[in-house]
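Chain by chain, the residues run as shown.
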Amino acid sequence: MLTKSIGIISLIFLLGSCALFQPRIPYQLGMSESKFLRQNKEAVISQLNEDRKIYRVNNDERFYILATFENGELVNLEEKELAPQWPRQRMMDENDSYQQNPQNPNQRMP
């Protein structure tokens, strides 16, 4: 009797611990707004309307996610890319074209 009880308790403990170590899904359609905010503490409100809220979560240096909630439920996810830093890109393009053809920097070599 005692051996059976210990075996059952061990089995329950083992199954329960497996559930604890599963990876947490940060975004899932249908999840509640409160659960989303608990799992994504860096989320900030991007847009606020009467019937919906849109949160922004940075993924890395170039991408972010927009999570749309209606009535406290996640209904849409969009991944967007940050706008490039144009002044830095223009300077790099100008330097590149000058190196290709120093006489006429506006003409690129094929």
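Here's a quick rundown of the structure. Because the structure is a prediction, the values reported are computed rather than measured.

Phi is mostly negative for residues that are not glycine, and the peptide bonds are mostly trans. One non-glycine residue, N71, adopts positive backbone phi at about 55 degrees. Considering the arrangement of structural elements, one finds N71 in the loop between strand 3 (63–70) and strand 4 (73–81).

A separate point is the packing of aromatic side chains. Taken as a whole, this structure holds three aromatic pairs when the rule is applied. Their ring planes at 50 degrees and their centres at 6.0 Å tell us that F36 and Y55 sit as a pair that is tilted. Placement of F36 in helix 2 (residues 33–39) and of Y55 in strand 2 (residues 52–58) is noted, with a sequence separation of 19 residues between them. An identical accessibility class is assigned to F36 and Y55; each is buried. Aromatic pair Y55 and F69: ring centres 5.7 Å apart, planes at 85 degrees, arrangement edge-to-face. Here the residue Y55 occupies a position in strand 2, and F69 occupies one in strand 3, the gap between them amounting to 14 residues. Three or more aromatic residues link up through ring pairs in this structure, and these residues are F36, Y55 and F69. The ring of Y64 has R56 lying over it, and the distance from NZ or CZ to the ring centre is 3.8 Å.

The subject of this paragraph is the pattern of salt bridges. Tallying each qualifying case throughout the model produces three salt bridges. Among the ionic pairs, E81 bridges to R62, the shortest N-O distance being 2.2 Å. Taken together, the positions of E81 in strand 4 and R62 in the loop between strand 2 and strand 3 put the pair 19 residues apart, joining distant regions of the chain.

Here we come to the environment of G30. Relative to the elements of secondary structure, G30 occurs in the loop between helix 1 (2–20) and helix 2. In the structure, G30 is positioned 43 residues away from E73 in sequence and 5.4 Å away in space, judged by C-alpha atoms. Ignoring any residue separated from it by four or fewer positions in sequence, one finds G30 in contact with E73 and L74.

With that out of the way, let us pick up the sheet that holds strand 1 (residues 44–48). Through backbone hydrogen bonds, the strands of a sheet pair up, either in parallel or in antiparallel fashion. Spatially, four strands are ordered 1-2-3-4 in an open sheet, and the strand pairing comes out antiparallel. At either margin of the open sheet sits one strand with a lone partner, and together these are strand 1 and strand 4. Shown here is a sheet whose adjacent strand axes are inclined to one another by a mean of 25 degrees, direction ignored. The pairing of strand 1 with strand 2 spans four bridges and is classified as antiparallel. What sits directly across from Q47, in strand 2, is I54.

Calculation rules
Residues numbered from 1 in each chain as written. Predicted model: local features only at pLDDT ≥ 70, side-chain atom pairs only at ≥ 80, totals over all residues. Heavy atoms only, no water. Helix = DSSP H or I, 4+ residues; strand = E, 2+ residues; numbered from the N terminus. Phe/Tyr/Trp six-rings, centres within 6.5 Å; stacked < 30°, edge-to-face > 60°. Buried < 20%, exposed > 50% of the residue type's maximum accessible area, 1.4 Å probe, protein only. Lys NZ or Arg CZ within 6 Å of the ring centre and 35° of its normal. Salt bridge = Lys/Arg side-chain N within 4 Å of Asp/Glu carboxyl O. Contact = heavy atoms within 4.5 Å. Pairing = 2+ DSSP bridges. Axes fitted to C-alpha atoms, helices over the stretch in contact; angles between N-to-C directions.

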